[in-house]
Structures are given as structure tokens and as C-alpha cells.
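# Inside the fold
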Amino acid sequence: MHLIAKLLSNFQKRNIQWQTMRIILQLCGLSPSRGWEETTLKLEKEISQNSSDYIENLKKLEICYGNYLLTGQKAVKIFRMDSSELSSLCGILKSHELPTTIYDETYPFPLNKHRLKEVNSAPELVEIREINESLALVFCTKRNVSETIKIDPAELGIERNSYDEIIGKRRYTDQFFDVVFLRPNSGLVEIRVDTRLYRK
């Protein structure tokens with residue numbers, strides 16, 4: 001899969017609205033078409049014909065995707081911590097060499113469902129990113145998801161007047177990107193738990 005297709009696919013899976021995606025593409029110097037599919041096909045063709053012209057544009061889009069992993073659809077909890085202790089911790093983490101994990105095969109994109117089955121549910125630190133004078137620690141983790149879905153009675157061959165509503169439950173595992181922000185200057189620690197569900 002071409003990088004542009006992979007980026008657009010994963011933006012879409014993370015539930016970004018198309019109108020927002022259009023703006024992101026334009027800010028990255030990429031010209032959108034109508035909707036996700038047509039835009040993907042259009043840009044794949046353009047980039048394959050003139051790949052050298054799009055190197056910087058793709059880098060910008062990759063940065064946007066990486067930044068969205070840090071901020072998009074997170075539940076945030078903030079704690080206070082002594083600034084000097086935080087500074088010492090950041091100093092240690094900056095020189096920390098990350099061990100290789102299975103998530104490195106595809107990060108910043110999620111593993112496919114077959115590889116994800118081989119992973120345990122413990123969070124794995126996959127990136128330490130320095131942002132201004134703060135540190136972002138990115139963790140990948142596998143969690144069990146239980147999703148409630150409304151089912152159209154017609155899909156089950158049931159007359160609509162028999163039931164007002166039918167509810168189904170779907171259970172599966174999914175990969176999440178949780179983030180810990182360490183801010184020594186303000187003495188704050190932010191825990192950002194990924195709350196979004198991938199579109200199936």
C-alpha cells in the first residue's frame with residue numbers, strides 16, 4: 001500500500017470527518033478530490049507519476065498524523081509533580097534506549113488483526129518524543145472492546161412493527177495509542193488515554 005493510501009486510511013479509521021481531512025490535505029499542499037476513496041486514488045496516481053515533487057508534502061502529512069496520535073480523542077487526567085523531579089526524569093528518559101517491540105513493525109500505524117492476536121495486553125513504550133521542553137511518551141496497547149450496535153430489524157428478516165429497536169453487542173480486540181506528557185516547566189503530568197474506536 002502506498003504511503004498516502006496508508007495515511008488516509010488510518011486518518012479515516014480514527015474517525016476524522018472528511019471536511020476536516022480536506023483542510024489538512026490542503027495545508028500539506030495536497031489537492032483533495034471528492035471523498036476518501038476518490039482522493040486516495042487521485043493522489044496515489046499523482047504521486048506515483050511525480051514522486052520527487054511530493055516528498056515534502058507527504059512528510060507534512062506524516063507529521064500531522066503523528067501529532068493527531070498524541071491529541072485526538074483522548075481522555076485526559078492531569079497530575080502535579082515536583083518540577084525538579086520531573087526534570088530529572090525527563091533527563092533519564094531522553095537517554096533511554098527503547099527496546100524493540102512487535103508494534104515497531106507498523107508504528108505509527110496499527111498492527112493488523114492477525115499480528116495483534118499475538119500481543120499481550122501490557123502497554124509497550126514505542127516512542128519518546130521531545131516537544132519544546134516537554135516529553136511525550138507514546139504507548140501502544142491492546143484492549144478488549146465491547147460495542148453496542150443498533151440493528152435494523154429488516155436485516156434480520158423481522159417485520160419492523162414487531163420490534164421498536166434491536167440491540168446487538170460486538171466484542172473484539174483493538175490497538176490503542178495512549179500518551180503520557182511530562183511538562184517539567186509547569187510541574188504537570190498529563191495522562192492521555194485513547195478513547196476512540198476504529199471503524200470496522
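Residues numbered from 1 in each chain as written. Predicted model: local features only at pLDDT ≥ 70, side-chain atom pairs only at ≥ 80, totals over all residues. Heavy atoms only, no water.

### A closer look at the pairing of strand 5 (residues 188–194)
Going by this rule: For every residue, the accessible area obtained with a 1.4 Å probe (protein chains only) is divided by the maximum for its type, and the residue is called buried under 20%, exposed over 50%, and partly exposed between those limits. Going along the chain from the N terminus, every DSSP run of H or I of four or more residues is numbered as a helix, and every run of E of two or more is numbered as a strand. Pairing between two strands is assigned when DSSP locates at least 2 bridges connecting them.
With 5 of 7 residues buried, strand 5 lies mostly within the body of the structure. Strand direction decides the pairing type here: strand 1 (residues 74–80) and strand 5, joined by 7 bridges, are antiparallel. Within strand 5, the residue paired with Lys-74 across the bridge is Asp-194. Relative to strand 5, strand 4 (residues 166–183) runs antiparallel, the two sharing 5 bridges. Across the sheet, residue Val-180 finds its bridge partner in strand 5, namely Ile-191. The antiparallel pairing of strand 4 with strand 5 creates a hairpin that spans 4 residues between the two strands, and Gly-187 there sits at a positive phi of about 65°.

### As for the environment of Gln-12
Positionally, Gln-12 belongs in helix 1 (residues 3–13). Taking the C-alpha atoms as reference points, Gln-12 and Ala-75, separated by 63 residues in sequence, lie 20 Å from one another.

### Quick word on the side chain of Asn-57
Operational definition: Pairs of N or O atoms are called polar contacts if they sit within 3.5 Å, as long as, within protein, a hydrogen donor faces a hydrogen acceptor (for residues adjacent in sequence, only side-chain-to-side-chain pairs). In what follows, residue pairs with any heavy atoms lying within 4.5 Å of each other are defined as contacts.
Along the chain, Asn-57 turns up in helix 4 (residues 55–71). The exposure class assigned to Asn-57 is buried, which follows from its relative accessible area of 14%. Here Cys-28 takes part through its backbone oxygen, which lies 2.9 Å from a polar atom of the side chain of Asn-57. Setting aside residues no more than four positions away along its own chain, Asn-57 makes contact with Cys-28, Gly-29 and Leu-30.

### What to know about helix 3 (residues 35–49)
Three- or four-residue spacings in an α-helix give side chains the same orientation, since the helix completes a turn every 3.6 residues. The line we're drawing: The length a helix should cover is 1.5 Å for every residue beyond the first. Note that the arc is defined by the directions from the helix axis to the C-beta atoms.
The terminal C-alpha atoms of helix 3 lie 22 Å apart, and with 15 residues this matches the ideal 21 Å at 1.5 Å per residue to within 8%. Buried residues of helix 3: Trp-36, Thr-39, Thr-40, Leu-43 and Ile-47, and no others. For helix 3, the angular spread of the buried residues around the axis is 100°, confining them to a single face. Within helix 3, the exposed residues directed more than 90 degrees away from the buried face are Glu-37, Leu-41, Lys-45, Ser-48 and Gln-49. On its buried side, helix 3 packs onto helix 1, helix 2 (18–27) and helix 4.

### Comments concerning the sheet that holds strand 5
Definition in use: As a rule, the C-alpha atoms of each element are fitted with a line to give its axis, helices using only the stretch in contact, and angles between N-to-C directions run from 0 to 180 degrees.
Overall, antiparallel pairing links the 5 strands, which are arranged 1-5-4-3-2 in an open sheet. What marks the edges here is a single partner per strand, and that holds for strand 1 and strand 2 (124–131). Across the sheet, the mean angle separating the axes of adjacent strands is 25° when strand polarity is ignored. With respect to the sheet, helix 5 (residues 83–94) is in contact with strand 2, strand 3 (134–151), strand 4 and strand 5, its orientation differing from that of strand 4 by roughly 100°.

### Quick word on the nonpolar core
In globular proteins that are soluble, nonpolar side chains generally tend to be buried together. Formally: Throughout this description, the term nonpolar core refers to a set of buried Ala, Val, Leu, Ile, Met, Phe, Trp, Tyr and Cys residues connected via side-chain atoms within 4.5 Å.
Counting residues in each nonpolar core, the largest one holds 34 residues, and the members touching the most others are Ile-4, Phe-11, Met-21, Leu-25, Leu-30 and Leu-61. Looking at this core, the elements that each hand over two or more residues are helix 1, helix 2, helix 3, helix 4, strand 3 and strand 4. Sorting elements by how many residues they give to this core places helix 4 first, with 6 residues.

### Section: unusual backbone geometry
Of the consecutive residues Tyr-107 and Pro-108, the connecting peptide bond is found in the cis state with omega at 15°. Within the secondary structure, Pro-108 sits in the loop between helix 5 and helix 6 (113–116). One non-glycine residue with positive phi stands out, namely Asn-15, at about 70°. Turning to its location among the elements, Asn-15 is positioned in the loop between helix 1 and helix 2. Classification of Asn-15 as partly exposed rests on a relative accessible area of 23%. A positive phi is found at Asn-132, a non-glycine position, where the angle reads about 55°. Relative to the helices and strands, Asn-132 is located in the loop between strand 2 and strand 3.

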